[in-house]
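A closer look at the structure
Residue-level listing of the chains:
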Amino acid sequence: MPATARTPIPTEISDTAATLAAIHTETGTSLLALTEASPVLLIFLRHFGCPFGRKTIGDIATLRPTFAARNVRPVFVHLAEPELAAHYFDHYAIPDVDRISDPTAAIYRSPLFALPQQDPIRDLFKPAVWLGWLKHGTLFKQGMGKFEGDGTQMPGIFFLRDAQIVRSFGHRNISDDPDYLALIS
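What this report covers is the structure whose coordinates are included nearby. (Residues numbered from 1 in each chain as written. Predicted model: local features only at pLDDT ≥ 70, side-chain atom pairs only at ≥ 80, totals over all residues. Heavy atoms only, no water.)

1. Points about the pattern of salt bridges
Counted according to the given criterion, the structure contains 6 salt bridges. The shortest N-O distance in the salt bridge between Glu 26 and Arg 99 comes to 3.4 Å. With a gap of 73 residues between them, Glu 26 in the loop between α1 (16–22) and α2 (31–37) and Arg 99 in strand β3 (residues 98–101) connect regions that are remote in the sequence. The class for Arg 99 is buried, based on a relative accessible area of 10%. For Arg 172, the salt bridge is made with Asp 176, and the minimal N-O distance between the two is 3.4 Å. Of the residues examined, Asp 176 reaches a relative accessible area of 13% and is grouped as buried. Each of Lys 55, Asp 59 and Asp 177 takes part in salt bridges that share partners, so that together they form one network. (Salt bridge = Lys/Arg side-chain N within 4 Å of Asp/Glu carboxyl O. Helix = DSSP H or I, 4+ residues; strand = E, 2+ residues; numbered from the N terminus. Buried < 20%, exposed > 50% of the residue type's maximum accessible area, 1.4 Å probe, protein only.)

Shown next as structure tokens:
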């Protein structure tokens, strides 16, 4: 069973703690409990066929020792079933990272996070996306995969501390390259 919201996600943005309490990781821990234990970098991924999403997992895997030194816990939200997601996190050698499965994108679209959707075909033709592929070699390193989730869903990143959103990064296009360390500073 996917570990998404155990109780309905509140429809009011004003109740951050209630929203975080309703969201559980694949191991059953509430997002509220995680943010009370340590700061959390909450990373919303696109579908696993997206090379930029896979690049994000690799970036976080590389930065994980830095996050640990700063007592920041990375937590991923993804659109797939847990079994499929496990394959990707195993590949990047972070099988034990906290994950939240959200195949219906209810958390992505909750008032607290409100991550937008975009036309994936139109997004592919934006010059910024092509430059992103070239700048980081993302397409060559990660390759294109099949849509394994909602190809219209945009990613996002939120830095949470004490059940509050401290900073966030909203992607304008799928190739945006966030500064993770600035987000947690």
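2. Quick look at helix α4 (residues 82–91)
Along α4, the residues classified as buried are Pro 82, Ala 85, Tyr 88 and Phe 89. The buried side chains of α4 occupy one side of the element, clustering within an arc of 120° when seen end-on. Pointing more than 90 degrees away from the buried face of α4 are the exposed residues Glu 83 and His 91. Summarising the contacts, the buried residues of α4 are in contact with α3 (51–69), β2 (73–78) and β3. Directly beyond the C-terminal end of α4, a positive phi value near 60° is found at Ala 93. (Arc of directions from axis to C-beta. Contact = heavy atoms within 4.5 Å.)

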